[in-house]
Amino acid sequence: MGNTMRLLEAIVDANHRALAGDPKAGLRPSEHADSLPVVALTCLDARLNPVLPEVLGIPEEQFLWVRNAGNVVGGPFSSAARALALACLLEGAREILVIGHSDCRVARQSVMSLLDRFSALGISRDRLPENLLETFGLFASEPQNVHAACDTLRKSPIIPPHVPVHGLMVDLDTGRLEWLVNGYTTLPTTTAEAVQATVASVRETLGRIGDWTEFRIGSVALSDLPIGRTVAGAIDRLEGTLGKLEQALGTAPSISGPAVTPTPSQESGVEPAEGGPQGPSGSKKAIPIPPPVTRLRHRDR
Ligand SMILES: [Zn+2]
């Protein structure tokens, strides 16, 4: 059976099937090795502790977890954004999940209630900053807060552009996931676009080399000298590779999953970028398949 679902599609599908009573619903992480590990930003609410990463079906060792009060992203360089960026840079996170939750206490605070709580703990108004709303990232709607967080992260220059930023809500009572922001649709460039740009740039260079080989040394065409023939052979091979690349791009389905921008060394080798439609093939480390998510833990509050 061909698995064409991307990681988040498979997670949400398995979650909804499990809730509908399908005992076989579950995620097979080994089928999504190219998308793991993930890093999640969630609230620090303790009721999330037994819920994640279980409702996602992702093994704990593939789940990086950043938490703050209200899963707030205060700005493109905020502490949350920096932690998520470093999760990608240092821990190899492939996808970012902002997961809000139902009944969030941060969403229920007003400036007045916060002042009352500070006061109750012996902290007077004059010691607090002017704009409490902004300072603490207070929000009124959990889903809106998730949308705002994803938007800020997507625009942040420190979040790798090829890493999808998804937004989800989890219901603490049922474990149901709601996919609010599909990070796959907001990737700024696809692998195909990146490779096409590289091909165009190499072609331009080849055009200039072509002019150069028409030079003559005295009465001898440079292309007739041994060095000229070596260059011509190399150019022929390069053009053949470029042609194959373009053919592949023209017939390949749109690239899914995290796009891979060719690195300088890959550009010179002009091999198709890895992680394309062929997906995970042998070279990625195998992830043991945990038992499927059979029963979502129901939590009484
Ligand atoms: Zn919360």
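Just so we're clear, the structure is a prediction, and the values are computed from it rather than from any experiment.

Participant: Explain the overall build of the protein chain to me, using residue names and the numbers behind them.
Facilitator: The helix and strand tally for the protein chain stands at eight helices and seven strands. Here the protein chain holds 301 residues, and 42% of them are scored as buried. For the protein chain, long-range pairs separated by at least 24 residues make up 74% of all intrachain contacts whose partners lie at least 6 apart in sequence. With an accessible surface of roughly 16600 Å², the protein chain has 56% of that area assigned to carbon and sulfur atoms.

Participant: Run through the coordination of the zinc ion, naming residues and quoting values.
Facilitator: All of the protein donors around the zinc ion are C43 (SG), H101 (NE2) and C104 (SG); their distances to the metal are 2.0 to 2.3 Å. Considered as a linear motif, the donors of the zinc ion on their single chain read C-x57-H-x2-C. One end of the pair, C43, is in strand 1 (residues 38-43); the other, C104, is in the loop between strand 3 (95-101) and helix 3 (111-120), and 61 residues separate them in sequence. The pair formed by C43 and C104 is uniform in burial state, with each residue classed as buried.

Participant: Explain the pairing of strand 5 (residues 177-181) to me, and be specific about the residues and the numbers.
Facilitator: Pairing analysis gives four bridges linking strand 4 (residues 165-170) to strand 5, with the strands arranged antiparallel. Bridging from a neighbouring strand, V170 pairs with L177 of strand 5.

Participant: Account for the UniProt feature "binding site: Zn(2+)" (unreviewed entry) in the protein chain, naming residues and giving values.
Facilitator: On the UniProt side, "binding site: Zn(2+)" (unreviewed entry) is annotated at positions that read C43, D45, H101 and C104 here. The annotated residues occupy 62 residues of the chain but converge on a single region, no pair of C-alpha atoms lying more than 8.9 Å apart. Given the relative accessible area of 1%, H101 is considered buried. In this structure H101 touches C43, D45, R47, L48, N71, E142, M169, V170 and L172, once residues within four positions along its chain are discounted. Look past the residues within four positions of C104 in its chain and what remains in contact with it is C43, G70, F139 and E142.

Participant: Requested: an account of the sheet that holds strand 4, with residues and values cited.
Facilitator: Taken in spatial order, the five strands make up an open sheet running 2-1-3-4-5, and their pairing is mixed. The open sheet is flanked by strand 2 (63-68) and strand 5, the only strands paired with a single partner. Pairwise comparison of adjacent strand axes, ignoring direction, gives a mean angle of 25° for this sheet. Across the sheet, helix 1 (residues 7-19) lies against strand 1, strand 3, strand 4 and strand 5, angled at about 150° from strand 5, the strand it touches most. Together, strand 3, strand 4 and strand 5 form the strand contacts of helix 5 (residues 142-155), whose direction differs from that of strand 4 by roughly 165°.

Participant: Any details on the pairing of strand 3? Residues and values, ideally.
Facilitator: Of all the seven residues making up strand 3, seven are buried; the element is thus mostly covered by neighbouring parts of the structure. Taking every second residue as pointing to the same face, both faces of strand 3 are buried, with E95, L97, I99 and H101 on one and I96, V98 and G100 on the other. Note: strand 1 against strand 3, five bridges, orientation parallel. Opposite T42, over in strand 3, you have I99 as the bridge partner.

Participant: So what's going on with the pattern of salt bridges? Residues and values would help.
Facilitator: Under the counting rule described, the total for this entry stands at eight salt bridges. One salt bridge connects R105 with D45, and the closest N-O pair in it is separated by 3.7 Å. Here R105, found in the loop between strand 3 and helix 3, pairs with D45, found in the loop between strand 1 and strand 2; they are 60 residues apart in sequence, far enough to count as distant.

Analysis parameters
Residues numbered from 1 in each chain as written. Predicted model: local features only at pLDDT ≥ 70, side-chain atom pairs only at ≥ 80, totals over all residues. Heavy atoms only, no water. Helix = DSSP H or I, 4+ residues; strand = E, 2+ residues; numbered from the N terminus. Buried < 20%, exposed > 50% of the residue type's maximum accessible area, 1.4 Å probe, protein only. Contact = heavy atoms within 4.5 Å. Areas by Shrake-Rupley, 256 points an atom, 1.4 Å probe, with all protein chains shown as cover. Donors = N, O, S within 2.8 Å, 3.2 Å for Na, K, Ca; no water. Pairing = 2+ DSSP bridges. UniProt positions renumbered as here; feature names shortened; annotations may be inferred. Axes fitted to C-alpha atoms, helices over the stretch in contact; angles between N-to-C directions. Salt bridge = Lys/Arg side-chain N within 4 Å of Asp/Glu carboxyl O.

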